[in-house]
2 protein chains.
Amino acid sequence: MHQDYIQPNPWSIIEEGFDKDRIKSSESLFSIGNGAMGQRANFEEHYSGATFQGSYIGGVYYPDKTRVGWWKNGYPEYFAKVLNAPNWIGIDLWVDGEQLDLNTCKKVVDFRRELHMKEGWYKRSFVAIMPNDVEVAIEATRFLCLDTDETGAIQYQIRLLNVDAEVIFLPYLDSGIKNKDSNWDDKFWNTTKITSEKNRAFIESHTMKTNFKVCTFMHSELFLDGNKSEIKPTSKKDELSVGHSYVVDVKKGQEVTLVKYGGYTVDRNHPADKLIEAADTVLNEVSSLGFDGLLEEQKKAWAQIWDMSDITIEGDIKAQQGIRFNIFQLNQTYTGTDSRLNIGPKGFTGEKYGGSTYWDTEAYCLPFYMATKNQEVARKLLKYRYNHLEKAIENAEKLGFKNGAALYPMVTMNGEECHNEWEITFEEIHRNGAIAYAIFNYTRYTEDYSYIPEMGLEVLIGIARFWQQRINWSENRNKYVMLGVTGPNEYENNVNNNWYTNYLAKWCLEYALEQLEHVRQQYTTDYKRILEKTQLTNDETGLWKKVAAHMYLPLSEEHGVYLQQDGFLDKDLVRVADLDKKERPINQHWSWDRILRSPYIKQADTLQGFYFFEDHFTTEELEKHFDFYEPFTVHESSLSPCVHSVQAAKLDRMEQAYTFYLRTSRLDLDDYNKEVEEGLHITSMAGTWMSIVEGFGGMRIRDGKLCFAPKIPEQWEMYSFKINFRERIIKVTVSQNSADFEIDSGEPLEIVVNEKPITLSA
Amino acid sequence: MHQDYIQPNPWSIIEEGFDKDRIKSSESLFSIGNGAMGQRANFEEHYSGATFQGSYIGGVYYPDKTRVGWWKNGYPEYFAKVLNAPNWIGIDLWVDGEQLDLNTCKKVVDFRRELHMKEGWYKRSFVAIMPNDVEVAIEATRFLCLDTDETGAIQYQIRLLNVDAEVIFLPYLDSGIKNKDSNWDDKFWNTTKITSEKNRAFIESHTMKTNFKVCTFMHSELFLDGNKSEIKPTSKKDELSVGHSYVVDVKKGQEVTLVKYGGYTVDRNHPADKLIEAADTVLNEVSSLGFDGLLEEQKKAWAQIWDMSDITIEGDIKAQQGIRFNIFQLNQTYTGTDSRLNIGPKGFTGEKYGGSTYWDTEAYCLPFYMATKNQEVARKLLKYRYNHLEKAIENAEKLGFKNGAALYPMVTMNGEECHNEWEITFEEIHRNGAIAYAIFNYTRYTEDYSYIPEMGLEVLIGIARFWQQRINWSENRNKYVMLGVTGPNEYENNVNNNWYTNYLAKWCLEYALEQLEHVRQQYTTDYKRILEKTQLTNDETGLWKKVAAHMYLPLSEEHGVYLQQDGFLDKDLVRVADLDKKERPINQHWSWDRILRSPYIKQADTLQGFYFFEDHFTTEELEKHFDFYEPFTVHESSLSPCVHSVQAAKLDRMEQAYTFYLRTSRLDLDDYNKEVEEGLHITSMAGTWMSIVEGFGGMRIRDGKLCFAPKIPEQWEMYSFKINFRERIIKVTVSQNSADFEIDSGEPLEIVVNEKPITLSA
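Residues numbered from 1 in each chain as written. Chains lettered and ligands numbered in written order. Predicted model: local features only at pLDDT ≥ 70, side-chain atom pairs only at ≥ 80, totals over all residues. Heavy atoms only, no water.

Participant: Is there a simple way to explain the sheet that holds strand β13 (residues 165–174) of chain A in this structure?
Facilitator: Sheet strands associate in pairs through backbone hydrogen bonding, adopting either a parallel or an antiparallel arrangement. All names here are of chain A. One open sheet accounts for five strands, arranged β8-β7-β13-β19-β18; its pairing is antiparallel. Only two strands of the sheet have a single partner each, and these edge strands are β8 (98–99) and β18 (234–237). Here β13 pairs with strand β19 (residues 241–250) via eight bridges, running antiparallel. Along β19, the bridge assignment pairs Asp-174 with Ser-241. (Pairing = 2+ DSSP bridges. Helix = DSSP H or I, 4+ residues; strand = E, 2+ residues; numbered from the N terminus.)

Participant: Please explain the nonpolar core as it appears in this structure.
Facilitator: Grouped together as the largest cluster of nonpolar side chains are 465 residues, with contacts concentrated most on Phe169(A), Ile723(A), Phe169(B) and Ile723(B). The residues contacting Ile723(A), other than those within four sequence positions of it, are Met308(A), Ala371(A), Tyr445(A), Trp689(A), Val693(A), Met699(A), Leu706(A), Phe708(A), Arg728(A), Ile729(A) and Ile730(A). (Core = buried A, V, L, I, M, F, W, Y, C linked by side-chain atoms within 4.5 Å. Buried < 20%, exposed > 50% of the residue type's maximum accessible area, 1.4 Å probe, protein only. Contact = heavy atoms within 4.5 Å.)

Participant: When you look at the relation of the copies chain B and chain A in this model, what are you seeing that I'm missing?
Facilitator: For these two chain copies, the linking operation is a rotation about an axis paired with a shift along it. With an RMSD of 0.1 Å, the fit of chain B onto chain A corresponds to turning through 180 degrees and sliding 0.0 Å along the axis. One copy is carried onto the other by what is essentially a two-fold rotation axis. The residues that chain B uses at the interface reappear at the interface of chain A in 100% of cases, marking a shared surface. (Least-squares fit on C-alpha atoms with pLDDT ≥ 70 in both.)

Participant: Any chance you could explain the environment of Val256(A) here in plain terms?
Facilitator: Residue and element names in this part refer to chain A. Topologically, Val-256 is positioned in strand β20 (residues 255–266). Between the alpha carbons of Val-256 and Asp-225 there is a distance of 6.0 Å; along the sequence they are 31 residues apart. Residues in contact with Val-256, not counting those within four places in the same chain, are Tyr-156, Gln-157, Ile-158, Phe-169, Leu-222, Phe-223, Leu-224 and Val-250.

Participant: How should I be thinking about the pairing of strand β11 (residues 135–144) of chain A in this particular structure?
Facilitator: Here is the key point about a regular strand: its side chains alternate between the two faces of the sheet. Residues and elements named next belong to chain A. With respect to burial, β11 is a largely interior element, eight of its ten residues being buried. Here strand β10 (residues 121–129) runs beside β11; their pairing, made up of eight bridges, is antiparallel. Among the inter-strand pairings, Val-127 is bridged to a residue of β11, identified as Ala-137. Bridging between β11 and strand β12 (residues 151–160) involves nine bridges; their strand directions are antiparallel. By the bridge assignment for β12, Ile-138 is matched with Ile-158. The turn joining β11 and β12, which pair antiparallel and follow one another in sequence, is formed by six residues.

Participant: For this particular structure, what's the right way to read empty space enclosed by the protein?
Facilitator: Rolled over the atoms, a probe as big as a water molecule pinpoints where empty space is left. Residue and element names in this part refer to chain B. Enumeration according to the criterion identifies twelve cavities of 30 Å³ or more in this entry. Roughly 290 Å³ of internal volume is contained in the largest cavity. Surrounding the largest cavity, 19 residues form its lining, Tyr-437, Asn-441, Arg-444, Glu-694 and Arg-700 being those nearest its centre. Listed by contribution, the elements that provide at least two residues to the lining of the largest cavity are α4 (360–372), α8 (431–446), α15 (606–612), α19 (682–696) and β26 (700–702). (1 Å grid on protein atoms, 1.4 Å probe; cavity = no way out; pocket = protein on both sides within 12 Å on 5 of 7 lines; lining within 4 Å. Points joined across faces, edges and corners; volume = space filled by probe spheres on them.)

Participant: In this structure, what is going on with α4(B)? I would like to understand it.
Facilitator: The α-helix winds at 3.6 residues per turn, so residues separated by three or four positions along the chain end up facing the same way. Residues and elements named next belong to chain B. A rise of 1.5 Å per residue sets the reference length of α4, with its 13 residues, at 18 Å; its end C-alpha atoms lie 17 Å apart and thus fit the reference within 8%. Along its length, α4 reaches its greatest deviation from straightness, about 45 degrees, at Leu-366, and the proline Pro-367 lies no more than four positions downstream. Across the 13 residues of α4, 13 count as buried, placing the element largely inside the fold. (Expected span 1.5 Å × (residues − 1). Bend = angle between axes of the 7 residues up to and from the residue.)

Participant: Looking at this structure, I do not really get the interface of chain B and chain A. What am I missing?
Facilitator: Across the contact, 44 residues belong to chain B and 44 residues belong to chain A. Both faces considered, chain B and chain A share a buried interface measuring about 4,000 Å² in area, 49% of it formed by carbon and sulfur atoms. Run the count over chain B and chain A and you get two salt bridges. Across the salt bridge formed by Arg477(A) and Asp570(B), the nearest N and O atoms sit 2.9 Å from each other. In this structure, the connection of chain B to chain A is made through 14 residue pairs in polar contact (both at pLDDT 80 or more). Those elements that place two or more of their residues in the side of chain B that touches chain A are α7 (422–425), β22 (472–474), α13 (586–589) and α14 (592–597) of chain B. Sort the elements by how many residues they give to the side of chain B that touches chain A and α14(B) lands first, with five residues. (Buried area = accessible area lost by both parts, 1.4 Å probe. Salt bridge = Lys/Arg side-chain N within 4 Å of Asp/Glu carboxyl O. Polar contact = N/O pair within 3.5 Å; in protein donor to acceptor, adjacent residues only side chain to side chain.)

Participant: What is the right way to read the pattern of salt bridges from this model?
Facilitator: When charged atoms on two side chains of opposite charge get close, those side chains can pair. Residue and element names in this part refer to chain A. Enumeration over the complete set of coordinates arrives at 100 salt bridges over all chains. In this structure, Arg-597 and Asp-593 form a salt bridge, with 2.8 Å as the shortest nitrogen-oxygen distance. One end of the pair is Arg-597 and the other is Asp-593, both in helix α14 (residues 592–597) and four residues apart, which spans about a single turn. Note on Asp-593: relative accessible area 1%, which makes it buried.

Participant: Before we go on, may I ask you to explain the packing of aromatic side chains in this structure?
Facilitator: Here the distance between the centres and the angle between the planes together describe a pair of aromatic rings. Residues and elements named next belong to chain A. As enumerated under the stated definition, the model contains 113 aromatic pairs over all chains in all. Look at Phe-143 and Phe-291: their rings are 5.4 Å apart centre to centre, the planes differ by 55 degrees, and that puts the pair in the tilted class. With Phe-143 in strand β11 and Phe-291 in helix α2 (residues 275–309), this pair connects stretches of sequence that are 148 residues apart. In this structure Phe-143 comes out as buried when scored by relative accessible area, which is 0%. You can call Phe-291 buried: its relative accessible area is 6%. (Phe/Tyr/Trp six-rings, centres within 6.5 Å; stacked < 30°, edge-to-face > 60°.)

Participant: What should I look at first to understand the pairing of β12(A) in this one?
Facilitator: Residue and element names in this part refer to chain A. The element β12 is extensively covered by neighbouring structure, given that nine of its ten residues are classed as buried. Relative to β20, β12 runs antiparallel, the two sharing nine bridges. The residue of β20 that forms the bridge with Thr-151 is Gly-263.

Participant: I'm lost on the side chain of Thr151(B) in this one. Help?
Facilitator: Residue and element names in this part refer to chain B. Inspection of the secondary structure puts Thr-151 in strand β12 (residues 151–160). Thr-151 gets classed as buried once you look at its relative accessible area, which sits at 0%. Ignoring any residue separated from it by four or fewer positions in sequence, one finds Thr-151 in contact with Asn-34, Met-37, Leu-144, Cys-145, Phe-217, Tyr-261, Gly-262, Gly-263, Val-282 and Val-286.

Participant: How should I be thinking about the sheet that holds β26(B) in this particular structure?
Facilitator: Residue and element names in this part refer to chain B. Pairing within the open sheet is mixed, and its four strands lie in the order β26-β27-β31-β32. Edge strands, defined here as strands with exactly one partner in the open sheet, are β26 and β32 (756–760). The mean angle between the axes of side-by-side strands here comes to 40 degrees, regardless of whether they run parallel or antiparallel. Bridge analysis of β26 against strand β27 (residues 705–708) gives three bridges, and the strand direction is antiparallel. When the sheet's bridge partners are listed, Ile-701 is paired in β27 with Leu-706. (Axes fitted to C-alpha atoms, helices over the stretch in contact; angles between N-to-C directions.)

Following this line, the structure appears as structure tokens:
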């Protein structure tokens, strides 16, 4: 644990006290988002200290030129980067001619932030003693509307505590923003039009190259002691920004409130030449509701989300706060309303991991959205990849694969690869398997088979073709081998026969063959269409069978475990527990070659396979592999603890499962990986949810039935969660002595608890 | 072979005809250098077409900021890059107000370039029909003085063929130059002073960051029909350049000659505040000699070089031209007069491979300089690394090694690592072994043991310490293994137990132990000093012994060969001959992952070990390994064909040896690798020399004796070379029927020819 300043609270994230060293961390932790846009917890007013400014718009990215000294054939020409978008939250403030800047104030007292997760708003309050000795009390509340997702609202209240003074408010828009990760001198935004009328202003700009057109807008209103003021603002414009200056004579003790609505209209949702009109319409709507009216709507919208996705934990406030923080952030990042969007590893909280979509979505996020939203949302996530199939085929072609083989990119915004480390881009190909697995997982969970004949089978064929071309026959082993890959454990590069990848490839081939047969039998028209489209031949499927049947899987007979890859046993097998603590995390202390030749595992690799294919192995086998690999695992990926938590629970090691749970659920709040400043680990938050539902709750789908094996950490009195299973809502409540299952109205449903069938009635 | 426009000629490189597509290629091929500076064959006059401008100063580099998106601990903060230096060769020309520019002329006829290797000068001549229909004949000759190595001379002669006209000559200096590989907007040069006086001008500038101070200077003289003209130039200055404008009324047929002397004085050789004075002195010296006088000196200096290093080949003009081109370029790059300089892979002919020094120097270049110069020059090359020992220790520390372990950088200018691909920088560690091998090779050849107690032993200790810390014990194999390395074959990355590296490491440990014992017995004072300085303990040397004795060496019993690395036999072992020719070179057609998982070898790897340690193996073993590995070798490194040529000759496969010889000797002239535009492959040129002397001549040192086993390709009538062996000059002449050996005056010398002892007398 690296930090411990967040106040424990079941429903809120709270910081107390002003500490300049925590600014960037809190800017991440108190981020807000609504699926379409996001905002780091930057101050509204000017701040001259260290800060990481970030406003983000879903689906708006920039294709930065890939430039590495040592180019490899197949590198993408461009990599997408998350763009810092024009700033709409800014409100500068002058009191008696002195600008408010918390970095230069004589003193800041009673500084407090609260992110109210239940209702979906963020509030910051403080008293500042300014260099001119004016004492000003501020309370700034803001949120991004879940319903009207193109906009947010800010209520910025001030009171002067010791004098009367002239106060100037300057709410503004600014498109002169940069990316923190901008190494090159490329300009990202082109500003084309700035207009200002009465209390509204608009900036039209578009991204370079991608040409996403965006209108950033604002509307401001001033209130004196709760009453709308008649003071008219003066417009201030320059090349890249526009502001409205309100000059107010404020009496000591008087409450002055600036309300600002703002946000973005984008050409994904509106005609490009009607962005200002669209913004005007949105502003009419929100300003007529008013800040309080909007806040009411916000509360209602979040209540609906929580009703379905909340997990309660009794007796452990930090665990409760942790899980809610994770669920809250996941819902801020992706709402499932737009199949063109996806779940970026940092969501709307930072720039890192440039692209939007990783295999995290399929491997970690899908179960969460499937169980807490509905099957339409899950299907949208699958469709996202179907829509990118053609680009995945092109991507494979660039690497020398043929005949419709598909390799999904490691990182993508629009289906194109946008990452350029050869050991990842070209070799971390297991991602392809996760995309096939998601189709299986979706079908198993929802019982909605229709996705496969409609779209999924084509994806499965492309993926199977890739695997069949990627392996080669080894005379030496008399088996098919897969050379030069990087597994989920990125602390190994360019290894041969990564067990996880080989096993997954074998499964993909078998699964594609099965589904092909199923579609042939049950969906004749689709079958014909797909065969014609893909030109799949019997020779090809014959090869798939052969490869699946003769895939090499590295095994240690001595240890009775599958080997993570060829040569794993040659390593110096010192356990993590025996490492010098000063050298951890190893990725911050060791050179890359040292990490690579060490046995240390960044995240579940062989165990990831046991997680995906639990039913293929006995519990004894799981235990053996867990005991072999976990001691070498450093969990330096945010995606690691959750899988281990689920498996430890399955193995009845509740103390260990609980430790892993805490690590995953409070990863960012307590900053385990010393990097929260850069943004939150959004995709791993779905893993936290998994730790409870699949780990402690033991939820599985077996033989088409919903199964549970409830357990509870001894630190907890009780926990409960709901899931949406095939459009039925089941509530699970587990205490130290009992487990209760409730179902919504409707037909009785047979579930399995601890391997015994139980029928639930409403 | 990619191009075939160079005229066969025993002593000259000649191009005939003007072809804009060949400009950049010829700029490389006709480069001139004198060990201290170099100049691509750019035109003196303005050229608006595609060109690659390059003037280079030995030892003057720039530490560019290393920027990669995916930073690894241990990457160097900076990487050195060869800098394009201020231009001193420029002479712009206007005829009747129209600027001469071969790119825009109506016609260019009789265009001819000649690089006269025997005498060390470069001449370009042509007739241009200018847009204004003036026909002008130009003959421009230039060279960089071998003796006065801070300067060069240009004689730029013009004649008007069809009219009288006003001609303006503008010889100039320009420090507003850029690097072609400059991706970033860093400025490389800061110009601080520009002065011009009469017919001389000086630009003082210094490199950013490294602060190398350089004075670029020129002196010009005008001659009309051979007589010095009284015309005074007008000075033209701007921020970054200075020129002297001569306005001349030229009659049709009149010969007008501009002579320009120019070059650089640098603060490595002069006090920083005396660079202009130093330049003035140089100019006094060269201008008093005059162009013809300097040219005479140049001819003499080159005659001396050729007297010692020439190789003659009769009956094969292309082979003759090839070997002389190689010897010429090596001597242009490094003269052995300054132990702070070294041999960059592209010499002074291009920017690529940013840094100056690779393992090429020790593995390929040392034998050439040792045999064609003298032992002082070879010792300077060793001393270069001794001077960098401290930085090699720091470099190893950055990667986590301790206690004086030394890892020499992969690429360096000043001892610091300046390359940042993890698979090369951190893993291509065999380079360390080549540095130890060079010490062995030097001692074996020269019988000068003194280098070891004076300097070499400390280097050997640092290197041995590195290897001992780099291996680990494998319980599994009951041997020491070396994981995660890149061998000389860079088409494999991060492999385990690369045979070459393991074998070399084992040898380094044994050799260090032997030398330690030898110094202990014979050089007591040095021994004590070294022990005190290095704090070497018996525990350490005990470990060295143990590691050397139990090093794992991968072996295939089935094939009876050492394996290049673990897992080599799992590959799809299709021979190069069976590949589609359209897909070659594979590095231009295949993605990196595909190259890595293929069996294809970029350059000798296992065979490099057989080359270094030939005496450790039988000829039958060599043959077996050659037959196993060569068929998988694509020779896409310039360093590959030479080793294979030497070994093919050893195996009596003269046809194959000859093919490899042609490929190495005419690599750049015929542009086999399609990249000659970027510069010449200087270091591999020493390998060409090896192919003849060690390959066809069969020269070896065994038991302290010089041995030969002369062979000759059937395409040749005769060849001869000289070598300096322990300060004796031996001339070897081999024809189809005989081999003759001559020695200079002095004591008789016993040599071994075809395993029989022979005594040579003067």
